[in-house]
Every structure is written in structure tokens, then in C-alpha cells.
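Results of the structural survey
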Amino acid sequence: MEAAARVIARRGVRGLRVEELAAEAGVSTALIYYHFKDRAGILRRTLEFINDRAERYTTQRDADAEPLTPRQELERTLLLELQDDPVVRENSTAWGELRASAIFDPDLREDLARATLIWVQEISELLGQVRPMATVTALATSAERLTLLVEGISMRWLSGILPLEHARELMLDAIDAELGRLERR
């Protein structure tokens, strides 16, 4: 799965060749087809892998670390999507490639929509911990805006348009704005 994420990040979904994936993973092409059946299976499992890996790097914490406030947890979760780490860069790039390909692939679109919905729900829950009096609808709307923004900021950062520190500042400003909006409702 790491090899698939690397190849998709490097070549895009359209540039994904099973032969290259097999070489990158150090296995035979037949083994790839045995485990994933077809290209759609590879893409589906890669999307799952990317989501699982993102969840790990945004939720893992040292056992002896001080507990975070709900706001710190929210900020940490979103800002960890914007860090100069090879795994995060690869994950974000592969996610962007899969998202772009979903425009033309209904099956991938459904998988991506499910994964996005889960992410929005997780951010909505974190927002609800910070603003417990906000309505479910308002929390979901704010979570949707924040996840949309982190994806867009990430793409600009990854493409070199936006410096990382500025990207992180923009994200923090957006969190402030959304929390303010939720407090006023």
C-alpha cells in the first residue's frame, strides 16, 4: 500500500501502471492482481490506506504527553495535515490525485465521498467539544468548510505556491473564524 501511495503521488492515478507498482513494491504483477483483482481495487485500497495513515499521524500522541484542550486537539488535528514530513506530503499528494480522478470515476467518487464524510464528521465532533452549544448542522457546516480549506491550502503548499508557515497561519485563522461563527449562533 505504501508503494501504491508513492506511485500515485508521483505519477497520478492516470499514470499508475501495475507493472511500476509491482516493481516499487518488490513483488510480481500477478501478486498485485491476486490481492486487488483490478485497478479499481488498487485505488480503493490505496484510498483506505491513505485515510488510515492520516488518522494515525493526526491522532498518535506520546502516552506521557499532557492532555490537550478540545481547541488544541482541533488545531493539532488540522495542522498535522500541513507538516513538512515525507509521509504527509505523499499522503496529501496522493489524496489530491485520487480526488481529481474521482471526477471521471463514479466508483472512486463514492469511496472518496465516504472517506470525506468520515473526516468531516471527525472534525465536527472536535468542533462540538469546543462549542458544545452549537447545533449539529452548524458544526457539520463548519467542519465541511475547514476540511475543504485544509485540502485547498495543502495543494497550494505542496505545489510551492504557499509557504508552509503561511499555510498554517491561514488554517489557524480559519479555525478562529469558524469557532467565532459557531459561538454567535
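Our subject is the structure that appears above.
As a starting point, this report considers the structure included with it. What you see is a predicted model, and the numbers here were worked out from it, not measured in a lab.

1. Things to note about the packing of helix α6 (residues 86–102) against helix α8 (residues 136–158)
The interhelical angle for the contact between α6 and α8, taken along N-to-C directions, is 115 degrees, at an axis separation of 10 Å. Relative to α8, α6 is oriented roughly perpendicular. Along this stretch, α6 crosses α8, giving a crossing that reads as left-handed. Residues R89, S92, T93, W95, G96 and R99 of α6 form the contact with α8, whose own contacting residues are E151, S154, M155, W157 and L158. Taken together, the residues of the contact of α6 with α8 sort by class into four nonpolar, four polar and three charged.

2. Considering the side chain of S101
By the secondary structure assignment, S101 is in helix α6. Once residues within four sequence positions are removed from consideration, S101 is found in contact with V13 and L108.

3. Remarks on the environment of E183
With respect to the secondary-structure elements, E183 resides in helix α9 (residues 164–184). Given a relative accessible area of 56%, E183 falls into the exposed group.

4. Some points on helix α5 (residues 70–79)
Taken residue by residue, α5 has E73, L74, E75, T77, L78 and L79 as its buried positions. Turning to α5, the residues buried within the fold contact α4 (39–59), α7 (106–130), α8 and α9.

5. A short note on the pattern of salt bridges
One pass over the structure, following the stated rule, counts 15 salt bridges. Measuring nitrogen to oxygen at the nearest pair gives 2.9 Å for the salt bridge that ties R131 to E183. Here R131, found in the loop between α7 and α8, pairs with E183, found in helix α9; they are 52 residues apart in sequence, far enough to count as distant. Close ionic contact of R181 with E178 constitutes a salt bridge, the shortest N to O distance being 2.8 Å. On the criterion of helical spacing, the pair formed by R181 and E178 is a turn pair, its members being three residues apart in helix α9. Taking relative accessible area as the criterion, R181 reaches 31% and is therefore assigned partly exposed. Its relative accessible area of 5% is what places E178 among the buried residues. One salt-bridge network, held together by shared partners, links R6, R10, R11, E20 and E24.

How each quantity is defined
Residues numbered from 1 in each chain as written. Predicted model: local features only at pLDDT ≥ 70, side-chain atom pairs only at ≥ 80, totals over all residues. Heavy atoms only, no water. Axes fitted to C-alpha atoms, helices over the stretch in contact; angles between N-to-C directions. Helix = DSSP H or I, 4+ residues; strand = E, 2+ residues; numbered from the N terminus. Parallel < 35°, antiparallel > 145°, perpendicular 65-115°, else oblique. Left-handed = near helix turned anticlockwise from the far one by under 90°. Contact = heavy atoms within 4.5 Å. Nonpolar A, V, L, I, M, F, W, Y, C, P; charged D, E, K, R; others polar. Buried < 20%, exposed > 50% of the residue type's maximum accessible area, 1.4 Å probe, protein only. Salt bridge = Lys/Arg side-chain N within 4 Å of Asp/Glu carboxyl O.

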